[in-house]
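Spelled out, the chains give:
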Amino acid sequence: MKKIYSSFLALTACLALTAQVKFDPEIEPTFVTSEVVVPASPLITQHLFIGTVDMVECNSTYGNPAGAYPAKEWHDFIGFTPDETGNSLGWVTVNHERINTNDNIGDGGGMTSFRVMRDTANDTLIIMDQTLADGRSGKFFAVDFVNTVGETGMNCGGITSTYDGRIWTAEEWFRTSNTSIADRDTSDFTIGTGTANGQMVSNGFPGFDGETMKKYQNVNWMVEVDPREAVAIRKQYNWGRQGFEGGTVLPDNKTVFMGEDGTPGWFTKFVADTPGDFTEGDLFVFKHDANPKWVQIDNTVFDNMLNYKREAVAAGATMFNRVEWVVYSEATGKVYFTATGRDNPGGRWAGESEDGAVHNPNTIARATAQGTHPDSGDYADYYGRVWELDPATDDLRVLIEGGPDLADGTTLGAYPDVHLTNPDGLGLITIDQKTYLLINEDLNGTSYGRVPAEVNNRTCELYMLDLDITNPTYDDLVRIAVVPTGAEITGAMGTPDGKSILLNSQHPSEENTFPYNHSLTVAITGWDQLPASVFERPNASAKEFTIYPNPASRMLYFNGMQDIAIYDASGKRIRVERQVSSIDIIDMESGVYFVRNGEGTTKRLVVQ
Amino acid sequence: MTKKFQVALALACISVILSSGFRPSVDGDFTEGIKQWSTESLQQVSTQMQWMTDAATNQNQAEMLSAFHAARRSYKRAEFILEYFHHSAIKTHINGAPLPQVEKKVADMNVLEPQGMQRIEELVYEDEPDYQEIKRLGTDFLNHLAAIEKYHQRINIYDRHVIEAIRFELVRLMTLGVTGFENPGSDSSLAETYHAFAGMQSSVEHYATEAGEKYATEIPGTFKRGKQQLKGADFDSFDRLKFLNEVINPLYQMTLDIHLITGYETFEEVNRSSEPTTYQARNIFDEELLNKSHFFKASVEDISKEQIDLGRTLFFDPALSFNNSLACATCHEPEKGFTDGLPTSASNQLGEFVDRNSPTLLNAVYSHHYFHDLRADRLESQVEFVMANPKEFNIKPYELSDKLKKSSEYVALFQTAYPGAKEPIQPHQITHAIAAYVQSLSSWNSPFDQYVHGKNPDLGEDVKRGFNLFMGKAACGTCHFAPTFAGLVPPFYDDTESEVLGVTTTNDTLNLVLDKDPGRAKNGKTPSATEFYELSFKTPTVRNIEITAPYFHNGAYPTLEEVMWFYNRGGGAGLGLDVPHQTLPPDQLGLNEQEIGDIIAFMNSLTDYKSFLERPDHLPDFEGIPELQGRKLTTN
């Protein structure tokens, strides 16, 4: 019961409704009025690819022999290249967001490629045996960057072309000196040749062959890879050197949009002269207050490409706060990208602002509402947002703002399960002709309401958002996965057939038992078999205590916000949730439980 | 102007705003009252810091100081609530250590300069304060505090939050409060601890009353005792062991009892995250204080005896190195507390040595980072680094697994330890088994632990004096945090720290040369590549230090007396070396010979390794492979 000093408990019963209920630590599990059954999830979860545990086939690097070596960890972006031949489903590529030194796989981060087909019995994915042109054979292949383009690093996001599934990996974490890269060979790098110390590369770049730069400058490019042969094709030197995170290629096979994870971060467009040939074309940076809104940057001058930021500032480009992933939806014809936010960006873009780069209207409006200026140290951007660009009109708007900002007086609502915090990864899945945006959170911090007030609570969430909704609100976000401490979700994307979502659990986590206590690529299959109601919040309008289970997302919804306690079969309290309208039961093993609400109503819960 | 005089002046000026502890109203919701009171406390801090900033603008040092002290006191009174709910924001902006930090979770290197009250405190006492800088820091502080306050008004505070906040604060006061962590060299630590302690009293009493007669009686008495001990106490002579035994640990136990009796849920039933702490410990020296599974990054309950036994066998087997010259145990001998007694350890070439000193593996699991330079984040990757090091095992994971597969005995051992695996002896099983063994090497049962648990009443007086010095005047405990006495930061134990000491290349006191090993700055991790991590090394545990000589990352100091000499002189900077980012204060500690002896006696009371001397009875046979026949178990 509520903590009341007054002894007039009965008289204050109305007050008690708003106060804290105490749940008995143990209950007698016999008297239960009704039962709710959560059927077994119709979805099948597979662990496809495990860091350190799975072995990847490598080419000879630095004179070391070719062979199989334990895969790198820190899985991030997932690319998917459909197999047009129909002999398989396609190729999956997984980024590794590291800069460490590794003798055999190559320094830096890297990428792993593997080919999958569907098991006709239950649609699960089978990883196929392959023999590549360079003679490697096995299941998992390290994409060769060492011998082709001269190393890579911090492979974060990337691009899957909407036209044909061509893949680029993004080298994020902007490097500013040779001491901050893992390469053992830090002699100058020449495009098309290799390093001064003699590490040779096979692939150059038309127009830039022979250009020489410091070794660290050979990272922070978009790098095209061939997932079929597990080799890098070229660094996209004509797209500018940026702390890239994500990008997308439109169905015209010419237009590329990409973003930089920086403060300021730029939004960039490339238009190829010839469809499918991305080595020649025009480069533009977004400037919302210009007409047209894209300002061209001369990408035939290599120095401009090395100093993209200088050129963007000179163009007076629009600044964003950490652009992350970019996707294009054929259903809506729009480009979506996340700007994950940064607590106090003022000091990071004040210089560029002074030199002529401009703030986007959203930033200005937010700062004004906060009574300050974006360049000031007290401007705060805790939660980030998802942007939407119409490539036909260049209209840009915020699709959904992170938050709600608990500080501005917004009602708490169903916080935290509809609290969007630092959206980062973006994916798409089309199920039964309906397209959903998959939004991954990646917390910048735990303060200011990003997570419920708890010490060390770092839970990240994965949401689905129906793109038919023009002006979505927080209530339209459907939480489909919750990942506990440390195990950040990355790379969530839907396979083109709408059957599977692939995602990465980036860091090892206590929640996973050995050997799954490593970075994991997970496939969740069976989405096409689900009724549409799975992707909606139930109409939870019952007056009395009601549980609406969603067997696919493993969520329990309740009739309104309330306090909830869960007891195990023996009547021992195992979990308490305060003021929630839904909870997830992902980690509840099948069995019998009891769910009691704040009014003392108990229901039997059978988890199958 | 002397510091003491300034404080006196400041105290004389404090009359405008007085902070107070929470007094529950007679009717209404208790947690709602806590929320209102803590919100008001934030507003008080804000008002007082505004006053301080104005005084800095007017260059009025006396008023600036009195306002600052009032703000500190208001903050301390509500610290238990504010730290619990706003831990990360407070650490970054409000009351974090006055050191530069790397901004987390961003894709570029951004150093956040020191900010918050501890940084301000460093400046306000200067003979000629930098008023401009104080004003800037004050304004920044107010902005961040306003953001916290706005959010604080929106949160729901539940009863369990309040009790948990109290219990974390008890750990904080013992490990950071009375040790002077926040106010090095200042007399105000104990006064501030008093306010933080007193600020919790009415809350604890509220729940004690709910828990029953026993607690309703005992809690006020314990608080009274604690306040008596703290009131007007002198920093150097304060009896910290008495405070631990008579105040902190009894309250730590009683508040857990109260929490369980009142029946409120605990964070273990609510929080979906794995936390570094459990909610089982009744004494802050209980091993249950820390959640080993959190550090191991997998549930230790799932580790089988067969896996640990296999790990032990691997640990002692020189077949793990490419030339069969080194086992883990070569550099980590159980009898030497899992070290080797060498300045830097033997390499795989006879007569050659690796770069750094072998650290103890006892209780090693309780860390967020491994190696002196903090390059690995899990025990398993720690093993991988040793395998990859050209001077150590110098063997690739799959080469090692292929090698071990030549022993049918090993194949059988792996099959038993990892039943159902696709194939026996995979590289990740090797690292897992060794890590499983290493995590088993934890014990908190030294003579000092036994004393704290009331099982060893005969602790020497020198040891007791030594604990008080360690946790007080000598300031050891402000980096070697209780209860691990390592760089694992209380009270949430969510970070492992490194420090710049300015260690010299040798113990030659006449010929002091700074050791230039870059340490953390060159550990290969992106956020480490910053100048303030140059010469920075992980703070190792002091447990078992008696048997783990020589000392420091380079093993340059063979005895604890010499180590104490180094610290007593203020480390490298105190010895006159140029160590720009030294985190150890360069001040002399002023410890006399007896005090140094007492501190060493205390450290020697933390020895506890004898339950880990077991060796495998033999090494597996490699039939028909001559170079692997006759491998010997390392001996001490």
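Computed from a predicted structure; not experimentally measured.

Caption draft 1: Just the overall build of chain B, in detail. Across its full length, chain B holds 24 helices and four strands. Overall, the C-alpha framework of chain B stretches about 85 × 60 × 55 Å when taken along its three principal axes. When contacts within chain B are restricted to residue pairs at least 6 apart in sequence, long-range pairs at least 24 apart make up 68% of them. In the structure as shown, chain B presents an accessible area of about 23500 Å², 51% of it carried by carbon and sulfur atoms.

Caption draft 2: Region of interest: the interface of chain B and chain A. On the side of chain A, 78 residues touch chain B, which itself brings 76 residues to the contact. When chain B packs against chain A, close to 6400 Å² is buried across both sides, 49% of that on carbon and sulfur atoms. Linking chain B with chain A are seven salt bridges. We note a salt bridge from A:Lys22 to B:Glu210, for which the minimum N-O separation is 2.6 Å.

Caption draft 3: Seen up close, the pairing of strand E41 (residues 602–607) of chain A. Residue and element names in this part refer to chain A. Extensive coverage of E41 is indicated by the burial of five of its six residues. As defined by bridge partners, strand E1 (residues 34–38) adjoins E41 across five bridges and the pair is classed as parallel. The residue of E41 that forms the bridge with Val37 is Val606. Relative to E41, strand E40 (residues 591–597) runs antiparallel, the two sharing six bridges. Paired with Val592 across the two strands is Val606, which belongs to E41. Hairpin connection, E40 to E41: the antiparallel pair is bridged by four residues, and Gly600 has positive phi, about 90°.

Caption draft 4: Region of interest: helix H18 (residues 408–417) of chain B. The complete set of buried residues in H18(B) reads B:Tyr410, B:Val411, B:Phe414 and B:Ala417. The arc that holds every buried residue of H18(B), seen down its axis, measures 130°, which confines them to one face.

Caption draft 5: Structural detail: the sheet that holds strand E14 (residues 189–190) of chain A. Residue and element names in this part refer to chain A. The three strands are arranged E15-E14-E16 in an open sheet whose pairing can be described as antiparallel. Each edge of the open sheet carries a strand with a single partner, namely strand E15 (194–195) and strand E16 (212–213). Pairing geometry for E14 and E15, over two bridges, is antiparallel. Note on E15: the bridge partner recorded for Phe189 is Thr195.

Caption draft 6: Main features of the domain arrangement of chain A. Split into domains, chain A comes out as domain 1 (10–41 + 544–607) and domain 2 (44–343 + 381–529). Averaged C-alpha coordinates put domain 1 of chain A and domain 2 of chain A at centres separated by 39 Å.

Caption draft 7: Inspection of the packing of helix H7 (residues 159–177) of chain B against helix H11 (residues 240–262) of chain B at higher detail. Residue and element names in this part refer to chain B. Two elements in contact, H7 and H11, have axes separated by 10 Å at closest approach and are oriented at 165°. Judged on the interaxial angle alone, H11 and H7 are roughly antiparallel. H7 and H11 meet at a crossing whose hand is left-handed. Residues Arg160, Ile163, Glu164, Ile166, Arg167, Leu170, Val171 and Met174 of H7 pack against Arg240, Phe243, Leu244, Ile248, Leu251, Tyr252, Thr255, Leu256, His259 and Thr262 of H11. The class makeup of the residues in the contact of H7 with H11 is eleven nonpolar, three polar and four charged.

Caption draft 8: Spatial organisation of the confidence of the model for chain A. Here chain A shows a mean pLDDT of 89. Residues at 70 or above account for 92%. With pLDDT under 50 throughout, residues 1–18 of chain A is counted as low confidence; its partners more than four residues away or in other chains account for 29 contacts.

Caption draft 9: Local environment of the environment of B:Ser46. All names here are of chain B. Residue position: Ser46 is located in helix H2 (residues 30–57). Residue classification places Ser46 among the partly exposed residues on the basis of a relative accessible area of 23%. Setting aside chain neighbours within four positions, we find Ser46 in contact with Leu142 and Leu145.

What counts, and at which threshold
- Residues numbered from 1 in each chain as written.
- Chains lettered and ligands numbered in written order.
- Predicted model: local features only at pLDDT ≥ 70, side-chain atom pairs only at ≥ 80, totals over all residues.
- Heavy atoms only, no water.
- Helix = DSSP H or I, 4+ residues; strand = E, 2+ residues; numbered from the N terminus.
- Contact = heavy atoms within 4.5 Å.
- Areas by Shrake-Rupley, 256 points an atom, 1.4 Å probe, with all protein chains shown as cover.
- Buried area = accessible area lost by both parts, 1.4 Å probe.
- Salt bridge = Lys/Arg side-chain N within 4 Å of Asp/Glu carboxyl O.
- Buried < 20%, exposed > 50% of the residue type's maximum accessible area, 1.4 Å probe, protein only.
- Pairing = 2+ DSSP bridges.
- Arc of directions from axis to C-beta.
- Domains from an automatic or database assignment.
- Axes fitted to C-alpha atoms, helices over the stretch in contact; angles between N-to-C directions.
- Parallel < 35°, antiparallel > 145°, perpendicular 65-115°, else oblique.
- Left-handed = near helix turned anticlockwise from the far one by under 90°.
- Nonpolar A, V, L, I, M, F, W, Y, C, P; charged D, E, K, R; others polar.
- pLDDT = per-residue confidence, 0-100.

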